[in-house]
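Geometric and topological summary
Here are the chains, one letter per residue:
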Amino acid sequence: MFNNSSHIDASHSAFTEVHQIQGNQTTYTVVHGNQIIRLAGEGYSGLDTLHRASTTNAAFDSAQRFPAPSCLPGTRIEILNLISSWLNDDGPQSICWLNGLAGSGKSAIAQTIAEMYAAQHRLVASFFFSRREIERSTTQRFIPTIATHFMSFSPSLKPAIIRALEEDFTIPTKVLREQMMKLLFEPFVSLSTQMTQTDSSTQIKSSPPVLMVIDSLDECDNERLVSEIISLIPQLIQECPFALKVLLTSRPEPHLKAAFRTSEILSVTRSLELRSFDAETDIRLFLQKSFIMIRDQRQSTLFGNSGPWPSVSELEALVQKASGQQAS
């Protein structure tokens, strides 16, 4: 087909290869941009399809991310308290956008919050984007992964999600809105109907809010698609049978700032800018603990050194430089 062709760009194309295995079992290899997905087709269960289309590497407790960055005990107290207050508040702002420059600690904060609320059985889903791993640098596996997390959090969702994939195993290859409709919105409606019939919907909606954490939106390789994810979040919250809140983190990139400025998002979002919080105390504590660890590990090297190490003035100079200031 491509004989004697040149300058072909297939980066935004999709290709499908069909494999017949053991008679009645068929798998489909879908090449979508830079992502390769092997879907279970005829002869496989909907659960097989969901597992093949999702990734386990993006969760807050994934072994692939271990040890994940988290806040040092005693640091980031103010911002962690603000996020906790937002989560437990019954106001209209169901989305929290934590933004800051590279290296400002957004992922560590997201990880710490995820750990805190997982321990309280209030974390419904998490996805940590990363440009360093292909499965976490694209939106292609995002919704199937989130669906598996919702299904684990509420097993009552499982029949509707699995049934949708058994009726159409190509759902993970469709546009994001269609994926979310089939794998989340429609199962939500099914569960809400069940809860209404058993008079439990009011009780669940009045329970403390549950949380979904989506970290490092700026690490996604497609600006248009990650903006589409943001645009779908309010409907996800509205359709969810639980009281759901969503914590999003990213750098303040222009396309993300534009997405959060749309009227549908702006009215339901609380924005927290990390640059607004004084980090000097946290930096000082981190450096102090780090130097204590170095001193304990290298006692023989530092033997005979008189006085504190480093000196108070040297430590303060490091704190000021690390916080973007110059020592006087």
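Now for a description of the structure that goes with this document. (Residues numbered from 1 in each chain as written. Predicted model: local features only at pLDDT ≥ 70, side-chain atom pairs only at ≥ 80, totals over all residues. Heavy atoms only, no water.)

**A short note on the packing of helix H1 (residues 46-53) against helix H4 (residues 142-153)**
- In contact at an axis separation of 8 Å, H1 and H4 are set at 125 degrees when each is read in the N-to-C sense. Judged by the inter-axis angle, H1 sits oblique to H4. Read as a crossing pair, H1 and H4 show a hand that is left-handed. Between H1 and H4, the residues in contact are Leu47, Leu50 and Ala53 and Pro144, Ala147, Thr148 and Met151, respectively.
- Considered class by class, the residues forming the contact of H1 with H4 number six nonpolar, one polar and no charged. (Axes fitted to C-alpha atoms, helices over the stretch in contact; angles between N-to-C directions. Helix = DSSP H or I, 4+ residues; strand = E, 2+ residues; numbered from the N terminus. Parallel < 35°, antiparallel > 145°, perpendicular 65-115°, else oblique. Left-handed = near helix turned anticlockwise from the far one by under 90°. Contact = heavy atoms within 4.5 Å. Nonpolar A, V, L, I, M, F, W, Y, C, P; charged D, E, K, R; others polar.)

**Considerations on the packing of aromatic side chains**
- Counted according to the given criterion, the structure contains six aromatic pairs.
- Between Phe127 and Phe142, the aromatic rings sit 5.2 Å apart at their centres with planes inclined by 70 degrees, giving edge-to-face as the arrangement. With Phe127 in strand S5 (residues 123-128) and Phe142 in helix H4, the pair connects residues that are 15 residues apart, well separated along the chain. Here Phe127 and Phe142 have matching classes, each one buried.
- Residues Phe129 and Phe142 carry aromatic rings whose centres are separated by 5.9 Å and whose planes lie at 20 degrees to one another, so their mutual orientation is stacked. On the criterion of sequence distance, the pair formed by Phe129 in the loop between S5 and H4 and Phe142 in helix H4 is long-range, its members being 13 residues apart. (Phe/Tyr/Trp six-rings, centres within 6.5 Å; stacked < 30°, edge-to-face > 60°. Buried < 20%, exposed > 50% of the residue type's maximum accessible area, 1.4 Å probe, protein only.)

**Let's talk about helix H6 (residues 176-197)**
- For H6, with 22 residues, the first-to-last C-alpha span of 31 Å sits near the 32 Å given by 1.5 Å per residue.
- Of the residues making up H6, those classed as buried are Leu176, Gln179, Met180, Leu183, Leu184, Phe185, Pro187, Phe188, Leu191 and Met195. (Expected span 1.5 Å × (residues − 1).)

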